[in-house]
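Listed below, chain by chain, are the residues.
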Amino acid sequence: MPDSHLQPIVCCLGQPVAGNPTQFMIERAFTAAGLDWRYLTLEVAPHDLAAAIAGMRALGFRGGNITIPHKVSVIEHLDGLSQAAELMGAVNCINREGDQLLGENTDGKGFVQSLREQTDPDGKQVVMFGAGGAARAIAVELGLAGADRITLVNRSEQRGRDLVDLLSTKVEVTAELVVWEGDYQIPEGTDLVINATSIGLGDLEARVPVDVDTLTTDTVVADVVFNPPQTRFLREASDCGCRTIDGLGMLVNQGVIGFHVWTDIDADAAVMREALEEYLEL
Ligand code: NDP
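Each value, and the rule that gives it
Residues numbered from 1 in each chain as written. Predicted model: local features only at pLDDT ≥ 70, side-chain atom pairs only at ≥ 80, totals over all residues. Heavy atoms only, no water. Near = heavy atom within 4 Å. Polar contact = N/O pair within 3.5 Å; in protein donor to acceptor, adjacent residues only side chain to side chain. Areas by Shrake-Rupley, 256 points an atom, 1.4 Å probe, with all protein chains shown as cover. Helix = DSSP H or I, 4+ residues; strand = E, 2+ residues; numbered from the N terminus. Nonpolar A, V, L, I, M, F, W, Y, C, P; charged D, E, K, R; others polar. Pairing = 2+ DSSP bridges. Right-handed = clockwise from strand over helix to strand, strands pointing away. Salt bridge = Lys/Arg side-chain N within 4 Å of Asp/Glu carboxyl O. Buried < 20%, exposed > 50% of the residue type's maximum accessible area, 1.4 Å probe, protein only. Domains from an automatic or database assignment. Contact = heavy atoms within 4.5 Å. Buried area = accessible area lost by both parts, 1.4 Å probe. Axes fitted to C-alpha atoms, helices over the stretch in contact; angles between N-to-C directions. Core = buried A, V, L, I, M, F, W, Y, C linked by side-chain atoms within 4.5 Å.

Draft legend 1. Fine view of the site of the ligand. Not every one of the 22 residues close to the ligand is listed here, only the nearest: Ala134, Asn154, Arg155, Ser156 and Gly247. Take Ala134: an N or O atom from its main chain is 2.8 Å from an oxygen atom of the ligand. With respect to the ligand, the side chain of Asn154 contributes an N or O atom lying 2.9 Å from an oxygen atom. Burial of the ligand by the surrounding chains reaches 76%, relative to a free accessible area of 920 Å². Breaking the shell around the ligand down by element, the ones donating at least two residues are helix H5 (133–144) and helix H8 (247–263). Its residues placed into classes, the shell around the ligand shows 11 nonpolar, eight polar and three charged.

Okay, here's the thing in structure tokens:
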């Protein structure tokens, strides 16, 4: 059970862009669970991060989310890290245990939980576009969940190489890098294709450079972009007969996981998805 001496307050520290859908979603889940709790979105500049974390401790907050630009720099202010956060070198969720603040990363876990509604990552051949923060979180969790092989396709070679090295040496999953040039041809036998780039964010017509004719009806296709959730990439994959997973599922599930970390209660994922759709006016 959460420590009853703590305030029923969870916060999001960072630079929330265009409001904070997570705040809307989590507060709706608190209400649905009958909890008189608060989720505060607090804009914190980089030079104030140490003071903000000290403030969380002093004020007895139960935990929080950490967003851009603090996901890496917050680590030095915490008392410990989960295995996934340690491997990724990034924290997006803080759990308070007694007087300890512990860093977790729920982005990749949220993706895997959403994926499991369609397929189990164990033994799968994966192609992933992107090597930024979202890609890093997802690739590490897919490796920990038993994916057989991860092919990273990224525009910038160095960023892709860094992630492949992490996957090969620390997660011990077979990984290779393809530097992205022109339309990528999906290799035969690929089970799962993920767009983990920001292509499609806020742009219904943005095109992920992929030869969609190389997708097969057996391929599951996922996109991390949640606004708009029906990206051009997912629409094209769906037209090819693929099963698709949108970015809202990842966002909802990382929220469900965070909610459980802070409250020890299972949140109602349907209520949370409905809240997000309302917030995003879908
Ligand atoms: P980063 O900036 O860390 O990484 C962006 C990635 O996209 C890089 O690999 C970059 O390639 C690639 N990229 C961007 N534009 C292009 C382009 N035109 N052509 C090819 N590659 C491109 O961002 P994040 O990883 O933090 O976020 C990525 C997306 O994931 C965002 O849309 C974000 O909203 C979403 N997201 C969704 C979540 C959810 O819960 N659904 C959670 C977290 C993020 P390069 O290395 O070459 O620059």
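Draft legend 2. How the structure looks around the pairing of strand E9 (residues 174–179). With six bridges connecting them, strand E8 (residues 149–154) and E9 associate as parallel partners. Paired with Val153 across the strands is Val178, a residue of E9. Since E8 and E9 lie parallel, the crossover through helix H6 (residues 157–171) that links them has a hand, and here it is right-handed.

Draft legend 3. Focus on the pattern of salt bridges. Under the defined criterion, the tally for this structure stands at 14 salt bridges. For Arg273, the salt bridge is made with Asp246, and the minimal N-O distance between the two is 2.9 Å. Of the two residues, Arg273 sits in helix H9 (residues 269–279) while Asp246 sits in the loop between strand E12 (243–245) and H8, which places them 27 residues apart along the sequence. Its relative accessible area of 28% is what places Arg273 among the partly exposed residues.

Draft legend 4. A look at unusual backbone geometry. Residue Pro69 is reached from Ile68 by a cis peptide bond, and omega for that bond is 10 degrees. Positionally, Pro69 belongs in the loop between strand E3 (63–66) and strand E4 (80–81). Going from Asn227 to Pro228, the amide bond is cis rather than trans, its omega being 5 degrees. For Pro228, the position within the fold is in the loop between strand E11 (220–223) and helix H7 (232–239). At Asp264, a position not held by glycine, the phi torsion is positive, near 65 degrees.

Draft legend 5. Spatial organisation of the domain arrangement of the chain. Annotation of the chain at the domain level lists domain 1 (9–105 + 250–279) and domain 2 (109–245). Its C-alpha centre places domain 1 at a distance of 25 Å from the equivalent point of domain 2. Domain 1 puts 13 residues into the contact, and the matching count from domain 2 is 17 residues. Summed over both partners, the interface of domain 1 with domain 2 buries about 1300 Å², with 69% contributed by carbon and sulfur atoms.

Draft legend 6. How the structure looks around the sheet that holds E8. Read from one edge to the other, the open sheet built from six strands follows the order E9-E8-E7-E10-E11-E12, with strand pairing classed as parallel. Each edge of the sheet is formed by a strand with only one pairing partner; in this case those strands are E9 and E12. For this sheet, the mean angle separating the axes of adjacent strands, direction not counted, is 20 degrees. In terms of strand pairing, E11 meets E12 through three bridges, oriented parallel.

Draft legend 7. Spatial organisation of the sheet that holds strand E1 (residues 9–14). Read from one edge of the open sheet, six strands run E2-E1-E3-E5-E6-E4, paired in mixed fashion. The outermost strands of the open sheet, each flanked by one partner alone, are strand E2 (38–43) and E4. Pairing of E1 with E3, which is carried by four bridges, proceeds in the parallel orientation. Looking at the pairing, Cys12 lines up with Asn65 of E3.

Draft legend 8. Highlighting the nonpolar core. Within the largest apolar cluster, 34 residues are counted, with the highest numbers of intra-cluster contacts made by Phe111, Leu142, Ile150, Leu167 and Ile194. Apart from the residues within four sequence positions on either side, Leu142 is in contact with Phe111, Val112, Leu115, Pro121, Val126, Ala147, Ile150, Leu192 and Ile194.

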